[in-house]
Amino acid sequence: MEKMNKIGLVIVILLMTISVSAQSILGKWKTIDDKTGEEKSIVEIYKENGKVFGKIIEIFDPKKRDLPCKFCEGDDYNKPVLGLKIIKNMEKSGDAYKKGTITNPEDGKQYDCRLQLDEDNADRLQVRGYVAFFYRTQYWVRAED
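Every value quoted in this text rests on a predicted model; they were computed, and no experiment measured them. (Residues numbered from 1 in each chain as written. Predicted model: local features only at pLDDT ≥ 70, side-chain atom pairs only at ≥ 80, totals over all residues. Heavy atoms only, no water.)

Caption draft 1: Structural detail: the overall build of the chain. Along its length, the chain carries 1 helix and 8 strands. Overall, the chain shows an N-to-C arrangement of helices and strands of α-β-β-β-β-β-β-β-β. When each of the 145 residues of the chain is scored for burial, the buried share is 32%. Contacts spanning at least 24 positions in sequence make up 37% of the contacts within the chain whose residues lie at least 6 apart. (Helix = DSSP H or I, 4+ residues; strand = E, 2+ residues; numbered from the N terminus. Buried < 20%, exposed > 50% of the residue type's maximum accessible area, 1.4 Å probe, protein only. Contact = heavy atoms within 4.5 Å.)

Caption draft 2: Inspection of the state of the cysteines at higher detail. As enumerated under the stated definition, the model contains 1 disulfide in all. There is a disulfide in this structure between Cys69 and Cys72, and the S-S distance comes to 1.7 Å. Measuring the twist about the S-S bond at about 55°, one finds the Cys69-Cys72 disulfide to be right-handed. Its relative accessible area of 4% is what places Cys72 among the buried residues. (Disulfide = S-S within 2.5 Å.)

Now the structure itself:
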């Protein structure tokens, strides 16, 4: 009987370990405006050459779907917002991803970025943009596939 309890405990621990490691920031996320609570777009976060990127794959407001990023700089200037890489070069650092940038396509401003799953809900992504020690945080929600 005691052997069965030990086997059961090992199985439970193994399943918990698998479920924790399966939680990832990779995938599709619904962006939520932190001021209005409005759902704005879907960003797909993916890995490329060992770093993490995110691009806009859907825009909910039909009037904004075909707009160019007229305030963006460099190679992103005047590119369509739909399909634009707004998150670039993120690197894993503990439970978070850091050392990359995020661009706000509405004004072209680029910020240092940190991405981290909400510790209480793996279906919420904390997206934080920094300028020096000032920051702004949004919470995105995992999108259905």
